[in-house]
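Close look at the chain arrangement
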Number of protein chains: 2
Amino acid sequence: MLSKKTKYGLKALAYIARQECDTPVPIGAIAESENISHKFLESILLTLRKSGFLGSKKGKGGGVYLIKEPKDIRMVDVIRVLEGPIALVPCVSLNFYEKCDDCPDEKTCTISRLMIQVRDSTLTVLRKNTLADLM
Amino acid sequence: MLSKKTKYGLKALAYIARQECDTPVPIGAIAESENISHKFLESILLTLRKSGFLGSKKGKGGGVYLIKEPKDIRMVDVIRVLEGPIALVPCVSLNFYEKCDDCPDEKTCTISRLMIQVRDSTLTVLRKNTLADLM
DNA sequence: TTAAATCCTAGTAATCCTATAGGGTTATTA
DNA sequence: TAATAACCCTATAGGATTACTAGGATTTAA
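Within each chain, residue numbers correspond to sequence positions counted from 1 in written order. Whichever chain is written first becomes A and whichever ligand is written first becomes 1, with later ones labelled in order. In keeping with the predicted nature of the model, local features appear solely for residues at pLDDT of at least 70, side-chain atom pairs appear and are counted solely at 80 or more, and the whole-chain, interface and lining totals rest on all residues. Neither water nor hydrogens contribute to the side-chain values; these are computed over all heavy atoms in the structure.

**Thoughts on the relation of the copies chain B and chain A**
Residues below a pLDDT of 70 in either copy are left out; the C-alpha atoms of the rest, at least 70 in both, set the least-squares superposition of the copies. Take chain B, turn it by 180°, move it 0.0 Å along the axis, and it overlays chain A with an RMSD of 0.1 Å. Here the two chains are linked by the operation of a two-fold rotation axis. Taking C-alpha positions as reference, the residue of chain B nearest the rotation axis is Ser121 of chain B, located at 2.9 Å.

**Topic: the domain arrangement of chain A**
Interfaces are frequently sized by the accessible area removed from exposure as the parts join. Residue and element names in this part refer to chain A. The source of the domain bounds is an automatic or database domain assignment. Considered domain by domain, chain A is made up of domain 1 (4–66) and domain 2 (73–134). Taken together, the two surfaces of domain 1 and domain 2 that pack against each other cover about 990 Å², and 84% of this comes from carbon and sulfur. Once two parts are joined, some of their accessible surface, as seen by a 1.4 Å probe, is lost; buried area is that loss totalled over both. Of all residues in domain 1, Thr6, Leu10 and Phe53 bury the most surface against domain 2, accounting for 52% of the area lost on that side. Here a polar contact means two N or O atoms within 3.5 Å. Within protein one must be a hydrogen donor candidate and the other an acceptor candidate, and residues neighboring in sequence count only if both atoms are side-chain atoms. If you look at where domain 1 meets domain 2, you find 1 residue pair in polar contact (both at pLDDT 80 or more). Elements with a contribution of two residues or more to the side of domain 1 that touches domain 2: helix H1 (4–18) and helix H3 (38–50). For helices the rule is a DSSP run of H or I covering at least 4 residues; for strands it is a run of E covering at least 2, with both sets numbered from the N terminus onward. Take the side of domain 1 that touches domain 2: its biggest share by element is 7 residues, from H1.

**So, the layout of surface pockets**
Cavities and pockets were defined on a 1 Å grid built from protein atoms only: a cavity is a group of points that admits a 1.4 Å probe but offers it no way out, a pocket is an open group of points flanked by protein on both sides within 12 Å along at least five of seven lines, and a lining residue is one with an atom within 4 Å of any such point. Grid points are joined across faces, edges and corners, and a volume is the space filled by probe spheres set on the points. What the largest pocket holds in volume is close to 500 Å³. What lines the largest pocket is a set of 24 residues, and nearest its centre among them are Met1 and Leu88 of chain A together with Met1, Ile86 and Leu88 of chain B. Side-chain classes are defined by residue name, with Ala, Val, Leu, Ile, Met, Phe, Trp, Tyr, Cys and Pro counting as nonpolar, Asp, Glu, Lys and Arg as charged, and the others, Gly among them, as polar. Grouping the amino acids of the lining of the largest pocket by side-chain chemistry returns 18 nonpolar, 2 polar and 4 charged.

**A word on the packing of aromatic side chains**
All names here are of chain A. A pair of aromatic rings is counted whenever rings of Phe, Tyr or Trp (Trp by its six-membered ring) have centres within 6.5 Å, and the orientation is called stacked for planes under 30 degrees apart, edge-to-face for over 60 and tilted otherwise. Considering all chains together, one arrives at 2 aromatic pairs over all chains under this definition. Plain terms: the ring middles of Tyr8 and Phe40 are 5.9 Å apart, the flat faces sit at 80° to each other, and that makes the pair edge-to-face. Placement of Tyr8 in helix H1 and of Phe40 in helix H3 is noted, with a sequence separation of 32 residues between them. Each residue is placed in one exposure class: buried if its accessible area under a 1.4 Å probe, protein chains only, is under 20% of its type's maximum, exposed if it is over 50%, and partly exposed if it falls in between. Judged by its relative accessible area of 34%, Phe40 is partly exposed.

**Focus on the protein's contact with DNA strand D**
Each residue is tested against the molecule or strand, and it is near if at least one of its non-hydrogen atoms lies within 4 Å. Close contacts around DNA strand D come from 23 residues, with Lys39 of chain A together with Pro26, Ile27, Arg49 and Ser56 of chain B the closest. When atoms of DNA strand D within 4 Å of the protein are split into backbone and base, the sugar-phosphate part holds 69%. Arg49 of chain B has a polar side-chain atom sitting 2.6 Å from a phosphate oxygen of DNA strand D. Here the element with the most residues in the surface near DNA strand D is helix H3 (residues 38–50) of chain B; it accounts for 4 residues. Tallied by class, the residues present in the surface near DNA strand D amount to 5 nonpolar, 6 polar and 12 charged.

The structure is reproduced here in structure tokens:
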């Protein structure tokens, strides 16, 4: 299951992308429209800004805005930043690999082949979809 | 990420399936071979028995055994019992549907189309794979 | 100068996860 | 009858994660 953090982040990005004007979108406006706690959303968008998805402008008339075109923002990259690994077990994760402590040998692990199949099918979907597809 | 419970359950099922003989497999033997706490595994296998995947035999020479052929045990069914929903958000889950409290209208929810795609691609893999594929 | 905004660090309550421990019950085999 | 092994319940406990909350610092436009 996705965390609320990721879910809210995706919804916020979609909201920002839908605003046609070039002026920054205040976080408060997003929070209100999407039913998200303002402070919580603030921290989520901070992460997205630090990861290079968003820019921001302080002060009156400020807010956040997309740095790239919606069609160039892949879902897989957003989800990796907010949620972490795509894979269901750490030992088959491409970006967050970790050894399983109960597994003596990954090559003979009974479940790894299945887990790789699930990972790859999910990756295919998340790589194909961009923010433009959410609008 | 899969919980340890699910992971251990899958590994245990694979272990049982690999035993060729018709005699029941003691839980202790599985626990030892797969590096799983005996008591924890006991509770996991109890769940699998109550869900109709396993039979058991008490007393000396007892243990657990598969009720169906490995090729007839689909991964999707095991995972639903041990882990719960396959979907990443409750509002697109087929078997564990729940309304999202932040979403006023599911039909216009920006992320549901993406979530359905991920769900379906995962389902395809998990329906195709059976316990026989883990052996 | 004031109001509106983001920036940033901490903290926190609640829940879930992953067991661990114990102990009694029941069934089966040798 | 003794040993074995699953069954079944309760309780607990540390750690991690989640979903926020608080409060102040900083920046900017009008």
